[in-house]
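# Structural features, examined
Chain residues, written in single-letter form:
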Amino acid sequence: MESIKDKVAIVGMGCSKFGERWDRSAWDLVVEATYEAFEDAGVGPNDIQAAWSGTLGFAGGQSLSYPLKLDYIPIVRVENLCGTGLETIRGATYALIAKAYDLVLCVGFEKTKDRGVGGLGSGEPMGGVHPVFGIQGTPPGRYALAATKYFAMYGAEKKHLAMISVKSHFNGARNPKAHLRREITVEQALSAPIIAWPLGLFDCCGVTDGAAAAILCRTEDAPKFRKDYITVKALGNASGPGCGKMVTDYDWVHWEETYRATQQVYEQAGIKDPRKEIDIVECHDCFSIAELMCYEAMGFCERGTAKNDIEAGTFALEGEVAFNAGGGLKSFGHPVGASGVREVYEIYKQIQGKAEEPSRQLKNVELGMAHNQGGHPGTFMCSMGIFGVPGR
Amino acid sequence: MAGIVSYGAYIPIYRLSRELIWLTWGGMPLSGEKAVANFDEDSVTMAVEAGNNCLAGINRDEVDGLFLASTSTPYKEKQCANLVAEALDLKRSTRTADFTNSLRSGTIAMRAALDAIAAGSAKKVLVVAADCRLGHPSTENEQAFGDGAAAVLLGDTDVVASIDGSHTHYDDIMDLWRLDSDTFVRSWEDRFIVTHGYLENTQEAVKDLLEKHGLAPADFSKAVLYAYNGRRHSQLAKKLNFDTQTQLQDSMFSTIGNTGSAYTLMMLVAALEDAKAGEKILVANYGDGADAFILTTTEGIEKAKGRRGIKYHLPSKIPLPNYDKYLRYRGLIHGYVRFENESSATISWRDRRWNINCRGGKCLVCGNINFPPQRICMYCQSKDQFEDIRLAERRAKLFTYSNDFLGPSLDSPIILCILDFDEGGRFYAQMTDRDPDKVQDGMPVELTFRWMHSERGIRNYYWKCRPLREA
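Reading the values: the criteria
- Residues numbered from 1 in each chain as written.
- Chains lettered and ligands numbered in written order.
- Predicted model: local features only at pLDDT ≥ 70, side-chain atom pairs only at ≥ 80, totals over all residues.
- Heavy atoms only, no water.
- Helix = DSSP H or I, 4+ residues; strand = E, 2+ residues; numbered from the N terminus.
- Rg over C-alpha atoms; globule rule 2.2 N^0.38 Å.
- Buried < 20%, exposed > 50% of the residue type's maximum accessible area, 1.4 Å probe, protein only.
- Contact = heavy atoms within 4.5 Å.
- Areas by Shrake-Rupley, 256 points an atom, 1.4 Å probe, with all protein chains shown as cover.
- Lys, Arg positive; Asp, Glu negative; His and termini not counted.
- Charge placed at Lys NZ, Arg CZ, Asp CG, Glu CD.
- Domains from an automatic or database assignment.
- Salt bridge = Lys/Arg side-chain N within 4 Å of Asp/Glu carboxyl O.
- Polar contact = N/O pair within 3.5 Å; in protein donor to acceptor, adjacent residues only side chain to side chain.
- Pairing = 2+ DSSP bridges.
- Axes fitted to C-alpha atoms, helices over the stretch in contact; angles between N-to-C directions.
- Phe/Tyr/Trp six-rings, centres within 6.5 Å; stacked < 30°, edge-to-face > 60°.
- Lys NZ or Arg CZ within 6 Å of the ring centre and 35° of its normal.
- Parallel < 35°, antiparallel > 145°, perpendicular 65-115°, else oblique.
- Nonpolar A, V, L, I, M, F, W, Y, C, P; charged D, E, K, R; others polar.
- Expected span 1.5 Å × (residues − 1).
- Buried area = accessible area lost by both parts, 1.4 Å probe.

### Quick look at the overall build of chain A
Within chain A, the secondary structure is distributed over 12 helices and 12 strands. Rg of the C-alpha trace for chain A: 19 Å, near the compact-globule value of 21 Å for 392 residues, within the 12% margin. Seen along its three principal axes, the alpha-carbon backbone of chain A occupies a region of about 55 × 45 × 40 Å. Counting over 392 residues, chain A shows a buried share of 63%. A separation threshold of at least 6 residues defines the contact pool for chain A, and within that pool the share at least 24 residues apart is 78%. Taken as a whole, chain A presents about 13800 Å² of accessible surface, with 52% of it coming from carbon and sulfur. The average position of the 40 basic charges and that of the 47 acidic charges among the side chains of chain A differ by 1 Å.

Shown next, in the form of structure tokens:
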């Protein structure tokens, strides 16, 4: 098995404004994000030789060719639950390495606010939802199963979850493209209405429309487009057997799929000590407990000790490793297909020193990690990627 | 001699004080409280509870018939006894039948079962009666009707009470009725229907039976008489010359209410729980005529004690805090349903062995229990090496839980649970019949058959967990 490290570069990216975009269609969001990426890379639609469309809501390659009027090029629509966005980049990277194409486009997007009801729905597959087994709780209820167990086992408290949300809101308030842009206090988080005990309103991400796009080529071609391109260091995916809620050996206090995908990307990128080597992590904080258990699954701290690092501010903007410097799903919501590409957008901009507001810009960012996990706790799929300056 | 081999009963955990009904409607208050089925219960689920309690410790392969008696089965076209039989894990050749439309259907089913046994076409027949009837809000019927179920296993060997004689007659009177399109039971003026319906018919049945067998009221330890209500029950006993203090079986009218077709059988279960060997019990049931039976308890009566019947369920209760909650549980006021859950007749049919029968797969290679059943073992990846194992009666402990306020439920929050069975295996379920404040890691739970949601006229049944009931 050959390493993919540094073989592919990202030479242009775009990201729509995230939010309740009542006046914009999914196609509008695709155009908004993609044309920012075109401009960023200095290319046009006719330069693109193939594309990957990441979305849960729209079928077929037409989901990109139609809004962008692409010219009969190969396009595949990718769906991999919450990892959908990162999977577009994985598909594109491999195609470039295979030299099937030279310049390709990845777009992740979702239009969640046209349904007439809140929430993300159950993401019903064509095969239908099981009439009794699959519909027993909602996503926050499912994540709360892990939170109550984690609390009982490791003595963390609701305030630790609140501190994560406060941190993410702080970052998101400094990001013009975020959906929710206000700081909150621990007290506000603790006194918010309960959605699924112990998760309150501020422990849950919003429901949002958004799109993000990336233009990729092989690294040897990248200098033709720009100097400050970034390269793909590693891409991982771990899909669990989907039995966590049914097997007795799942403990409900760790994310096995994230742990497994982390091992893949650390090996590919040669990471030995993530806490020292990785500068920024954009992780899948659909709920605060998700981020807490990611600190441990990704090896930034030992199992059961996340609360110490939360109290120490390890993962704050100015901390040792900034988690969700862009605001995370907490501030951006989770337009499912868009999230992974949007995470890479934050890493890309931070490395280039182009975070829109100086107060969010970190110094000397060289290596960033993007992460998404989707499904029911215990039955996740997880997609991850590491991106950074060439040669790092 | 044919008779009762085993018995069981079920009373839902919720009770509504009749004072709460009176606070809303005023009028003539009846005293006491009534048993109210939870929002996820109906006649089918209560029948499964009572049937399961009756069959505890009994080889279910010996059951040849399952007769379901109820005036309130959820489906009017489509049998419900077959569903109860599947949930009770009865063999496929079990003959099933719904006995409906009469408050007397419980004893009508008993007679049919006894006839089958006498004819030799069945050895053991389970009769389960369950009702969940609605009286029109503000009426005395609303205060009177309670929810519950009872089961008796009939056979001609190992009986705990022999059935020595019986009487049956029919009568036609518009006393209580309900059209196909009616939600609530209708009735004529009670002074008429009590006199010419309830009192005359029941007296006729008892008098004929005693005369036929040369017995007198004093020969009976207990008289189990259908109760129109508490007052009329005593009146009937007096007319029949039974001592209301010593001989009349308590009607439970002030504790659970009139449970329709299950009522007389529930009282019978209560009488059997207290009976000693060699006692005579009179049973008389009313509805579109009357049935009466003479029972004599055997030495076996002692061994039958301790199973879940009236004594187990009656003191174990949660009071409904208000009348609104009762209306909500019975579907009489509708909240806004944010999204409809899905029904699928095909999936439900394919998965009936685990959805209804609660069977998991025990891996023959590694011994672990897989639920839901799998093709490839979740633990050792062996393919198609499974033995079917019924899990419904197994005890479990709560591994973790959450209180989900977001999910659509008539009784928010949904308590979402991960359970580990004491004998191995994990189960993912909602918790019902619970106080959310008392849910905690490690608490013992058991499974209970409930309906999850209803859509396109399909009632989707499955298993939930509940805390063990205690007084």
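Picking up after the structure, the text goes on.
### Describing the overall build of chain B
Looking only at helices and strands, one finds 12 helices and 22 strands in chain B. Computed over the C-alpha atoms, the radius of gyration of chain B is 22 Å, within 12% of the 23 Å expected from 2.2 N^0.38 for a compact globule of 471 residues. Each principal axis of the C-alpha atoms in chain B carries an extent, and together these give about 70 × 55 × 40 Å. Split into buried and exposed, the 471 residues of chain B put 59% on the buried side.

### A short note on the domain arrangement of chain A
All names here are of chain A. Taken domain by domain, chain A consists of domain 1 (8-113 + 209-226) and domain 2 (139-204 + 232-388). Taken over C-alpha atoms, the centre of domain 1 sits 24 Å from the centre of domain 2. Counting across the domain 1 and domain 2 interface gives one salt bridge. Here E36 ties to K177 by a salt bridge, and the two come within 2.7 Å at their closest N and O atoms. The interface formed by domain 1 and domain 2 includes 13 residue pairs in polar contact (both at pLDDT 80 or more). Only β1 (8-15), α1 (26-41), α3 (84-97), β4 (103-110) and β7 (210-218) provide two or more residues apiece to the side of domain 1 that touches domain 2. A total of nine residues in the side of domain 1 that touches domain 2 trace back to one element, the largest contributor, which is α3.

### A few points about the sheet that holds strand β2 (residues 14-17) of chain B
Residues and elements named next belong to chain B. In space, the three strands of this open sheet follow the order β3-β2-β14, with mixed pairing throughout. Since the sheet does not close on itself, it has two edges, and those belong to β3 (33-36) and β14 (318-319), each with one partner. Sheet topology places β2 next to β14; two bridges connect them, and they run parallel. Bridging from a neighbouring strand, R15 pairs with P319 of β14.

### Some thoughts on the sheet that holds strand β12 (residues 379-388) of chain A
Residues and elements named next belong to chain A. Taking strand neighbours across the sheet as the criterion, the 10 strands line up as β3-β2-β4-β7-β1-β8-β12-β11-β9-β10 in an open arrangement whose pairing is mixed. The outermost strands of the open sheet, each flanked by one partner alone, are β3 (75-78) and β10 (322-323). One ladder, built from eight bridges, connects β4 with β7; its direction is antiparallel. Looking at the pairing, V107 lines up with A213 of β7. The sheet contacts of helix α7 (residues 256-269) involve β8 (230-239), β11 (367-376) and β12, and relative to β8 the element is tilted by about 145 degrees.

### Brief notes about the packing of aromatic side chains
Aromatic rings in a pair are described by how distant their centres are and how their planes are angled relative to each other. One pass over the structure, following the stated rule, counts 37 aromatic pairs over all chains. Positioned above the aromatic ring of A:Y66 is the side chain of A:K69, whose terminal nitrogen or guanidinium carbon lies 4.2 Å from the ring centre. The ring of B:F399 has A:K149 sitting right over it, with the charged end atom 3.9 Å from the ring centre.

### Focus: the packing of helix α5 (residues 158-172) of chain A against helix α9 (residues 288-297) of chain A
Residues and elements named next belong to chain A. Taken N-terminus to C-terminus, the directions of α5 and α9 make an angle of 95 degrees; their axes are 9 Å apart at the nearest point. Judged by the inter-axis angle, α5 sits roughly perpendicular to α9. Here L161, I164, S165, K167 and S168 of α5 lie close against α9, whose contacting residues are S288, I289, E291, L292 and Y295. Along the lines of polarity and charge, the residues of the contact of α5 with α9 split into five nonpolar, three polar and two charged.

### Here's the deal with α9(A)
All names here are of chain A. For α9, the buried fraction is high: 10 of the 10 residues fall into the buried class. Looking at α9, one finds that the buried residues are S288, I289, A290, E291, L292, M293, C294, Y295, E296 and A297. The first or second residue beyond α9 is G299, which carries a positive phi of 80 degrees.

### Overview of α3(A)
Residue and element names in this part refer to chain A. In this model α3 runs 20 Å from its N-terminal to its C-terminal C-alpha over 14 residues, within 8% of the 20 Å that 1.5 Å per residue would give. In terms of burial, α3 is a largely internal element, 10 of the 14 residues being buried. Looking one or two residues past α3, K99 carries a phi angle of roughly 60 degrees, positive in sign.

### What to know about unusual backbone geometry
For residues that are not glycine, phi is negative in most cases, and the peptide bond is trans in most cases. A:W197 connects to A:P198 through a cis peptide bond whose omega is 5 degrees. With an omega of 0 degrees, the peptide bond between B:S412 and B:P413 qualifies as cis. Among the structural elements, B:P413 can be located in the loop between β18 (396-404) and β19 (414-421). The residue A:K99 is not glycine, and still its phi comes out positive at about 60 degrees. The class of A:K99 is exposed, set by a relative accessible area of 59%.

### A short note on the pattern of salt bridges
Residues and elements named next belong to chain B. Going through the model one piece at a time under the given rule, you end up with 60 salt bridges over all chains. Linking R390 and E393 is a salt bridge whose minimum nitrogen-to-oxygen distance equals 2.8 Å. A relative accessible area of 11% places R390 in the buried class. By relative accessible area, which is 41% here, E393 ends up partly exposed.

### Digging into the interface of chain B and chain A
The interface of chain B with chain A comprises 41 residues on the first partner and 36 residues on the second. Regarding the contact of chain B and chain A, the summed buried area is about 3200 Å², with carbon and sulfur atoms giving 62% of it. When residues of chain B are sorted by the area they lose upon contact with chain A, B:E342, B:R426 and B:Y428 head the list and together hold 21% of the total. Measuring nitrogen to oxygen at the nearest pair gives 3.5 Å for the salt bridge that ties A:K149 to B:D441. One can count 20 residue pairs in polar contact (both at pLDDT 80 or more) joining chain B with chain A. Residue assignment for the side of chain B that touches chain A shows that the elements contributing at least two residues are α11 (345-350), α12 (352-355), β18, β19, β20 (426-431), β21 (444-455) and β22 (458-467) of chain B.

### A look at the environment of B:M46
Residues and elements named next belong to chain B. Counting through the fold element by element, M46 comes out in helix α2 (residues 43-55). For the pair M46 and A129, spaced 83 residues apart in the sequence, the C-alpha separation amounts to 8.8 Å. If we skip the residues at most four places from it in the chain, M46 touches Y10, P12, A37, E41, A130, D131, C132, D147, G148 and A149.

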